[in-house]
Amino acid sequence: MHIARTLFFALTLLFFACKTEKKEQTDPEEQAALPNIVIIYADDLGYGELGAYGATELKTPNLDHLANNGMRFTNGYATSATCTPSRYALLTGSYPWRNKSAKILPGTAPLIIDTAQTTLPKVLKQQGYTTGIVGKWHLGLGSGHVDWNQAISPGPNEVGFDHSYIMAATQDRVPTVYIENGKVDNLDPNDPIQIDYQKNFPGEPTGKDNPELLKMKWHHGHDNSIVNGISRIGFMKGGEAAKWVDEDMADTFLAEAKRFVKEKKDQPFFLYYALQQPHVPRTPHPRFVGSSGMGPRGDVIVEADWCVGEFIKTLEEEGLLENTLIVFSSDNGPVVNDGYYDDSVEKLGNHKPAGPLRGGKYSLFEAGTRVPFITYWKGKITPGTSDAMVSQVDLLASLAALVNSDATTQDSQDLLDVLLGKSTNGRNELIIEASTRTAFRKGDWAMIPPYDGPAIIKTVNIEIGNDPEYQLYNLKEDLGQQNNLAKSHPEKLAEMKAAYTKIRGIAEE
Ligand code: NG6
Ligand code: CA
């Protein structure tokens, strides 16, 4: 009896405690004060690609508008020089090198975010936000073998997103279908999807064996299944009705992003709008073909810029622009030839995708991870340029602070005031990653530890930072990383090594 009464008392207390907590989180007045948050994330867009970042040959008026009327960061970083690890850090606030699975994933890879892990959408959801992702995922799906014909789980909806409309991996990897809330969109059950990354399905054409079927030829890799005249990475059979039309992808994602905003506008929302451009295969809608004079790579950047403009217009029409913080960035640096013959090299002209930086995608040099990084909030952010160092890994703690949550992680720093242009006190130091190698940025200095392997990936023509010796650069005097000061500045090198080792948790050599 006594136990029963105590239990009843305890349960009653718990009930009221939960109720009070819930009430606090969903107080309509507090909620009304919370701004919407949109992260627009490009795929492989380099530091020098936008007018606002010095591009003269490409026209990007909509992104320039955001940059020129918001904060334009000159030291804004993706955590990694490739996609999956950067996206992992963006959503989890955790450095990707802490997770061994955070490397470029095939379309069949299992989800690499633990469903118990803190994530940005979860943090925002806890504060009453409706959360959505539209666009590229590339963080794995399921927990082992995925049956694409059934509900696919866990995925974005299990790590904090209320709504998801995604491509599983990349535009150049199978499955080439959209997935809405764990279900392949437009799938005909009589034509089930089969995916294999090891071997082809008997009788199915491939880029390697059937070049006559291709409208865009592969240069390296990308010689497996053919979808819409483009051969991809991985083999796929079935799912004809569900296959995307590459040229419509930008419009499809834009329509979904707009739909999300229109449907969710009555409560604070978070939208992660992950554009597919200018990743390969570059397939501009016919409206944009020839728009840049630079071939498909330039054309899809113009297309992406247009999408951003249209999206902003929707926010404006819905009366949401003054109450929405927009963050724009890219998952890694630029690559011109990433595996298809698409005229990008031939028609590049004077355009410099990396701007003044050395390297590109896959590189430990600056162009691998230093990317356009813009925050825009009409009426709230005073336009300006900030040289403060900020990383995408900081968005979790910073946006948590914005919504009155104290959520944080080991690696994410609360740089909200920096992002809003109220402070120039950015990060002191940062680890950057490229294909499991890491390097270090502290103050004006960048250090790359010695790594074996080729200095250049020849197929993509990018210097990736490998060198048998330590490299040390003073970025203030030498942004293009031409003068290795490791030998002439032994004290600085020692200081950098010590600080790097402390965070990276590996023994100094
Ligand atoms: C590489 C692909 C490249 C691209 C990249 C992922 C080859 C030879 N290259 O392995 O084309 O798909 O993976 O890009 O297959 S990312 O932006 O998603 O990281
Ligand atoms: Ca990428």
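Cut-off values and rules
- Residues numbered from 1 in each chain as written.
- Chains lettered and ligands numbered in written order.
- Predicted model: local features only at pLDDT ≥ 70, side-chain atom pairs only at ≥ 80, totals over all residues.
- Heavy atoms only, no water.
- Helix = DSSP H or I, 4+ residues; strand = E, 2+ residues; numbered from the N terminus.
- Buried < 20%, exposed > 50% of the residue type's maximum accessible area, 1.4 Å probe, protein only.
- Polar contact = N/O pair within 3.5 Å; in protein donor to acceptor, adjacent residues only side chain to side chain.
- Contact = heavy atoms within 4.5 Å.
- Domains from an automatic or database assignment.
- Buried area = accessible area lost by both parts, 1.4 Å probe.
- Salt bridge = Lys/Arg side-chain N within 4 Å of Asp/Glu carboxyl O.
- Expected span 1.5 Å × (residues − 1).
- Disulfide = S-S within 2.5 Å.
- pLDDT = per-residue confidence, 0-100.
- Donors = N, O, S within 2.8 Å, 3.2 Å for Na, K, Ca; no water.
- Tetrahedral: all angles 85-135°; square planar, octahedral: opposite > 155°, others 65-115°.
- Near = heavy atom within 4 Å.
- Areas by Shrake-Rupley, 256 points an atom, 1.4 Å probe, with all protein chains shown as cover.
- Nonpolar A, V, L, I, M, F, W, Y, C, P; charged D, E, K, R; others polar.
- Pairing = 2+ DSSP bridges.
- Axes fitted to C-alpha atoms, helices over the stretch in contact; angles between N-to-C directions.

## Focus on the side chain of Ser412
Alright, step 1. Here Ser412 shows up in the loop between helix 9 (395–402) and helix 10 (416–419).
Alright, step 2. Among the residues examined, Ser412 registers a relative accessible area of 5% and is labelled buried.
Alright, step 3. Reaching out from Ser412, the side chain makes a polar contact with the backbone oxygen of Val393 at a distance of 2.6 Å.
Alright, step 4. Apart from the residues within four sequence positions on either side, Ser412 is in contact with Gly93, Val393, Asp394, Leu395, Leu396 and Ala397.

## Some remarks on the domain arrangement of the protein chain
Alright, step 1. Taken domain by domain, the protein chain comprises domain 1 (31–182 + 245–421), domain 2 (194–237) and domain 3 (433–508).
Alright, step 2. Each of domain 1 and domain 2 was reduced to a C-alpha centroid, and the two centroids are 28 Å apart.
Alright, step 3. In this complex, domain 1 contributes 24 residues to the contact, which on the side of domain 2 involves 18 residues.
Alright, step 4. Summed over both sides, the interface between domain 1 and domain 2 buries roughly 1,800 Å², with carbon and sulfur atoms accounting for 62% of that surface.
Alright, step 5. Of all residues in domain 1, the largest losses of buried area upon contact with domain 2 belong to Val174, Tyr340 and Tyr341, amounting jointly to 33% of the total for that side.
Alright, step 6. If you look at where domain 1 meets domain 2, you find 2 salt bridges.

## Some points on helix 11 (residues 490–504)
Alright, step 1. For helix 11, built from 15 residues, the straight-helix expectation of 21 Å at 1.5 Å per residue is met to within 8% by its first-to-last C-alpha distance of 20 Å.
Alright, step 2. Every buried residue of helix 11 is listed here: Leu493, Met496, Lys497, Ala499, Tyr500, Thr501 and Arg504.
Alright, step 3. Among the structural elements, strand 15 (429–434), strand 16 (437–442), strand 17 (445–448) and strand 20 (471–474) are those in contact with the buried residues of helix 11.

## Topic: the state of the cysteines
One way to say it: the disulfide is the covalent bond shared by the sulfur atoms of two cysteines.
Alright, step 1. One pass over the full model with this rule turns up 0 disulfides.
Alright, step 2. This cysteine, Cys83, is not joined by any disulfide, and Cys307 carries the nearest cysteine sulfur, 18 Å off.
Alright, step 3. Look at Cys83 and you get buried, because its relative accessible area is 4%.

## Some details on the confidence of the model for the protein chain
Alright, step 1. Looking at the protein chain as a whole, its pLDDT mean stands at 94, while 93% of the residues score no less than 70.
Alright, step 2. Between residues 7–24, whose pLDDT stays under 50, and residues either more than four places distant or in other chains, the model counts 1 contact.

## Quick look at the coordination of the calcium ion (ligand 2)
Reference geometry at the metal: tetrahedral coordination by four donors gives ideal angles of 109.5 degrees; octahedral coordination by six donors gives 90 or 180 degrees.
Alright, step 1. Ligation of the calcium ion (ligand 2) by protein atoms is provided by Asp43 (OD), Asp44 (OD), Asp331 (OD), Asp331 (OD) and Asn332 (OD1), these donors lying 2.2 to 2.8 Å from the ion.
Alright, step 2. For the calcium ion (ligand 2), the 6 donor atoms in the first shell make angles of 51 to 173° at the metal, so the coordination geometry reads as irregular.
Alright, step 3. In primary-sequence terms, the residues that donate to the calcium ion (ligand 2) follow D-D-x286-D-N. A residue pair is termed long-range when its members are at least 10 positions apart, and Asp44 in the loop between strand 1 (36–42) and helix 3 (61–68) and Asp331 in the loop between strand 12 (324–330) and helix 8 (366–369) qualify at 287 residues.

## Examining the site of ligand 1
Alright, step 1. Taken together, 19 residues form the shell around ligand 1, and within it Cys83, Asp172, Arg173, Asp338 and Lys361 come nearest.
Alright, step 2. Side-chain polar atom of His138 to an oxygen atom of ligand 1: 3.4 Å apart, as the coordinates give it.
Alright, step 3. The separation between an oxygen atom of ligand 1 and a polar side-chain atom of His222 is 3.0 Å.
Alright, step 4. In isolation ligand 1 offers 450 Å² of accessible surface; the protein chains occlude 84% of this area.
Alright, step 5. Its residues placed into classes, the shell around ligand 1 shows 5 nonpolar, 7 polar and 7 charged.
Alright, step 6. Each of domain 1 (31–182 + 245–421) and domain 2 (194–237) gives at least three residues to the shell around ligand 1.

## Notes on the sheet that holds strand 14 (residues 384–391)
Alright, step 1. Read across the sheet, 10 strands follow the order 6-5-4-3-11-1-12-13-2-14 without closing on themselves; strand pairing throughout is mixed. Both edges of this open sheet fall to strand 6 (183–184) and strand 14, since each of them pairs with a single strand only.
Alright, step 2. Bridge count between strand 3 (residues 130–136) and strand 4 (residues 163–167): 5 bridges; the pairing is parallel. Among the inter-strand pairings, Lys136 is bridged to a residue of strand 4, identified as Met167.
Alright, step 3. Packed on one face of the sheet, helix 4 (residues 83–92) meets strand 1, strand 3 and strand 11 (269–274) and runs near 170° to strand 1.

## Some words on the environment of Tyr273
Alright, step 1. Positionally, Tyr273 belongs in strand 11.
Alright, step 2. With relative accessibility at 0%, the residue Tyr273 sits in the buried group.
Alright, step 3. Between the alpha carbons of Tyr273 and Pro110 there is a distance of 22 Å; along the sequence they are 163 residues apart.
Alright, step 4. Among residues more than four places away in sequence, those in contact with Tyr273 are Ile39, Ile40, Tyr41, Val134, Phe253, Leu254, Ala257, Cys307 and Phe311.

## As for the pairing of strand 2 (residues 71–77)
Alright, step 1. Buried residues dominate strand 2, accounting for 7 of its 7 residues.
Alright, step 2. Across 3 bridges, the pairing between strand 2 and strand 13 (residues 373–376) is antiparallel. If you follow Met71 over to strand 13, its bridge partner there is Thr375.
Alright, step 3. Bridge analysis of strand 2 against strand 14 gives 6 bridges, and the strand direction is parallel. By the bridge assignment, Phe73 is partnered in strand 14 with Ser386.

## A closer look at the sheet that holds strand 17
Alright, step 1. Taken in spatial order, the 4 strands of this open sheet run 15-16-17-20, and their pairing is antiparallel. Either end of the sheet is taken by a strand with one partner, and the two such strands are strand 15 and strand 20. Within the sheet, the average angular offset between the axes of one strand and its neighbour, ignoring direction, is 20°.
Alright, step 2. Sheet contacts for helix 11: strand 15, strand 16, strand 17 and strand 20; angle to strand 16, the most-contacted strand, approximately 120°.

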